[in-house]
Amino acid sequence: ASIRKATRDMAAGKFTPIHVPRAHDEITNLIVSFNHMGEALKQKQDELLQSKKMASIGTFSSGIAHEINNPLNNISLSADTLLEEFDSMDEEEIKEILGDIMTQTERASKIVRNLLDFSRARATEMEPLHIDEVLQKTTKLIANELRIHKVALETKIADGLPVVHGDFQKLQQVFLNLIINAKQAIGEYGRIFIEARLTDNDTIRVDLSDTGPGIDQEHLEQIFDPFFTTKEAGKGTGLGLSIVYGIVKKHGGYIEVASKVGEGTTFSVYLPVYHGNESKEQTEA
Ligand SMILES: Nc1ncnc2c1ncn2[C@@H]1O[C@H](COP(=O)(O)OP(=O)(O)OP(=O)(O)O)[C@@H](O)[C@H]1O
Ligand SMILES: [Mg+2]
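These numbers were taken from a predicted model, which means no experiment stands behind them.

A. Representation of the packing of helix H4 (residues 131-148) against helix H5 (residues 168-186). Put simply, H4 and H5 touch, their axes get as near as 9 Å, and they point 40° apart. Classified by the angle their axes make, H4 and H5 are oblique. Here H4 runs over H5; the crossing is right-handed. Taken together, the residues of H5 that come into contact with H4 (itself represented by Ile131, Val134, Leu135, Lys137, Thr138, Thr139, Leu141, Ile142, Glu145 and Leu146) are Phe168, Leu171, Gln172, Phe175, Leu176, Ile179, Ile180 and Lys183. The residue inventory of the contact of H4 with H5, partitioned by class, reads twelve nonpolar, three polar and three charged.

So, in structure tokens, the structure goes:
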């Protein structure tokens, strides 16, 4: 029975050696080699995990380097042009180049801002939250922008939803990023629909659908990767959804995406219901 348990554990990736009986028979030999095999596998698995981590840190930092280097190069080129040709330039040309420098500076600082969010510069402050309040305050922030671009926003929030345990600002950032993505995908004239409800397994599900162009099948797997963007240079950093992913995960939830090219996209955020069993519960909710 212990062998059966050990093989099952090993298949699941956790290994505990089997106790070796005293008798020197074939079974004992088998158990000893099994334990050896387990050790070797465990070591390989640790190595694999470590190299995977290193690989993602590698991709990540080369991404950062690339992303920040681009605007820096552009700034440097523009400044160089100004230095070299200042005397022969008219005011308009000079203004144009200075404008370019400003745009590129803003781009670099947006990347840095996003990265700070990404590395959790601010400690997460968890409290019981009503998701309808989070959604209402978030949609208010962007309502005007949506109106200007003729994007209709509809919300349908189930009554009496239980609270979740969350950080208000971070969750606001999640929904804001998703709404901005939806708006950018739509461009002009379209509809964003937000629906919140309780699911069967004690989770609040927030769906955010848009009537945008949808996401190509080949891109779907990459959209949560840091720096993955289909937006033109200078428009998107590609960090939005990876930040969203990280925040939702930190809240014990998960996020799914469903998309059909030509029809639209739905992001579903799942957050566990909070039952207030933590000792330092807050009074306001
Ligand atoms: N609602 C959507 N409809 C269609 N495509 C989307 C949608 N949301 C995200 N995407 C795709 O996923 C990519 C990654 O999104 P993400 O928010 O991570 O970065 P970004 O929007 O390109 O840049 P940033 O968020 O920094 O402005 C986008 O470039 C876009 O191609
Ligand atoms: Mg985005």
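B. Representation of the sheet that holds strand E6 (residues 254-260) in the model. A sheet is described by the order of its strands in space; here five strands give the open sequence E2-E4-E5-E7-E6, paired in mixed fashion. In the strand order of this sheet, the two ends are held by strand E2 (151-157) and E6, each with one partner. This sheet shows a mean twist of 15° between the axes of neighbouring strands, independent of strand direction. Strand direction decides the pairing type here: E6 and strand E7 (residues 264-272), joined by seven bridges, are antiparallel.

C. The arrangement of the pairing of strand E5 (residues 203-210) in detail. E5 sits mainly inside the fold: six of its eight residues count as buried. Note that strand E4 (residues 190-198) and E5 share seven bridges and pair antiparallel. Bridging across to E5, Arg197 finds its partner in Arg205. Relative to E7, E5 runs antiparallel, the two sharing eight bridges. Opposite Thr203, over in E7, you have Pro272 as the bridge partner.

D. Local environment of unusual backbone geometry. Here Asp202, not a glycine, exhibits a phi torsion of approximately 60°, which is positive. Residue position: Asp202 is located in the loop between E4 and E5. In this structure, Phe227 takes a positive phi of about 75° despite not being glycine. Along the polypeptide, Phe227 turns up in the loop between helix H6 (217-220) and helix H7 (240-250).

Cut-off values and rules
- Residues numbered from 1 in each chain as written.
- Chains lettered and ligands numbered in written order.
- Predicted model: local features only at pLDDT ≥ 70, side-chain atom pairs only at ≥ 80, totals over all residues.
- Heavy atoms only, no water.
- Axes fitted to C-alpha atoms, helices over the stretch in contact; angles between N-to-C directions.
- Helix = DSSP H or I, 4+ residues; strand = E, 2+ residues; numbered from the N terminus.
- Parallel < 35°, antiparallel > 145°, perpendicular 65-115°, else oblique.
- Left-handed = near helix turned anticlockwise from the far one by under 90°.
- Contact = heavy atoms within 4.5 Å.
- Nonpolar A, V, L, I, M, F, W, Y, C, P; charged D, E, K, R; others polar.
- Pairing = 2+ DSSP bridges.
- Buried < 20%, exposed > 50% of the residue type's maximum accessible area, 1.4 Å probe, protein only.

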